[in-house]
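# Secondary and tertiary structure notes
Listed below, chain by chain, are the residues.
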Amino acid sequence: MLTEYELEALYLSLKIASVAVIFSLPLGIGCAWLLARRQFWGKSLLDGLIHLPLVLPPVVIGYLLLITMGRQGTIGKWLYEWFGFTFSFSWRGAALAVAVVSFPLMVRSIRLALEGVDKKLEQAAFTLGASSVRVFMTITLPLMIPGILTGTILAFARALGEFGATITFVSNIPGQTQTIPLAMYSFIETPGAESEAARLCIVAIVIALLSLFASEWLTRVARKRLGAA
């Protein structure tokens, strides 16, 4: 059985990962659509910036968030002075950190799905007088569903496992920013707490496996329904 301390870390991890994915999804779909369907100046730069978190050390991402979105950061200071809103040392900051780290996985999956959509179907709808918005909502978006599901769940699983960016940006505060990886780190540093760290390790593995299984199953179901349609 998990202790109250461990359950709190589990709940916070699920909350932060869920919020990060929900708020990232509309932006992820938009970025994937731009990269897959539009040619514009700076496209390579945008693509590189989106995928930069995949190759940067998470600590670097956390530091960049700290100097930009922290209470004394270039953007964070303005948010705090004008709206009284801050990301520093709160679960909101942790959600921002994991969203940045997991965002490339979401965009990549959605973009691959979008590139697989037959453009002839969209062109046929245009010739029948459908608007761009209607074509996207009734043809393109439904055909993207398998990729959206895959990207969402992969991003969720990645968000659950984030450590470096979170601890650098919002520290390791129990009940506020201490997710499962951060709680494990605390247990590992505490003499005699090996069993607690092992329990959280097992929980993290189980959640990750369930996420991957769910991604595979939902993708298959979506593809079968699209094939039947």
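Residues numbered from 1 in each chain as written. Predicted model: local features only at pLDDT ≥ 70, side-chain atom pairs only at ≥ 80, totals over all residues. Heavy atoms only, no water.

Counting its secondary structure elements, the chain contains 10 helices and 0 strands. Along the chain, helices (α) and strands (β) appear in the sequence α-α-α-α-α-α-α-α-α-α when read from the amino end. Seen through its C-alpha atoms, the chain measures out along the principal axes to roughly 70 × 45 × 30 Å. Surface accessibility of the chain: about 12900 Å² in total, with carbon and sulfur atoms responsible for 68%. Of the side-chain charges in the chain, 18 are positive and 13 negative, and the distance between the mean point of each set is 14 Å. (Helix = DSSP H or I, 4+ residues; strand = E, 2+ residues; numbered from the N terminus. Areas by Shrake-Rupley, 256 points an atom, 1.4 Å probe, with all protein chains shown as cover. Lys, Arg positive; Asp, Glu negative; His and termini not counted. Charge placed at Lys NZ, Arg CZ, Asp CG, Glu CD.)

Roughly 620 Å³ of volume is contained in the largest pocket. For the lining of the largest pocket, the leading source of residues is helix α5 (residues 91-115), giving 7 residues. Per-class residue counts for the lining of the largest pocket are 22 nonpolar, 2 polar and 1 charged. A volume near 250 Å³ is recorded for the second largest pocket. Forming the boundary of the second largest pocket are W33, R37, R38, K119, E122, Q123, F126, S132, V135, F136 and T140. Those elements that provide at least two residues to the lining of the second largest pocket are α1 (4-37), α6 (119-127) and α7 (132-160). When grouped by side-chain class, the residues that make up the lining of the second largest pocket number 4 nonpolar, 3 polar and 4 charged. (1 Å grid on protein atoms, 1.4 Å probe; cavity = no way out; pocket = protein on both sides within 12 Å on 5 of 7 lines; lining within 4 Å. Points joined across faces, edges and corners; volume = space filled by probe spheres on them. Nonpolar A, V, L, I, M, F, W, Y, C, P; charged D, E, K, R; others polar.)

What follows concerns the nonpolar core. Core analysis: the biggest nonpolar cluster contains 49 residues, and V107, I110, M144, F169 and I180 have the highest contact counts within it. When residues in this core are grouped by element, the largest group, 12 residues, is from α1. Excluding residues within four positions of it along the chain, V107 makes contact with G28, C31, A32, L35 and I50. (Core = buried A, V, L, I, M, F, W, Y, C linked by side-chain atoms within 4.5 Å. Buried < 20%, exposed > 50% of the residue type's maximum accessible area, 1.4 Å probe, protein only. Contact = heavy atoms within 4.5 Å.)

The next point concerns α1. Each full turn of the α-helix corresponds to 3.6 residues, which orients residues three or four apart in the same direction. Along its 34 residues, α1 runs 49 Å from first to last C-alpha, staying within 8% of the 50 Å computed at 1.5 Å per residue. At L25, α1 is bent by approximately 40°, the largest bend along its length, and proline P26 sits one to four residues beyond. (Expected span 1.5 Å × (residues − 1). Bend = angle between axes of the 7 residues up to and from the residue.)

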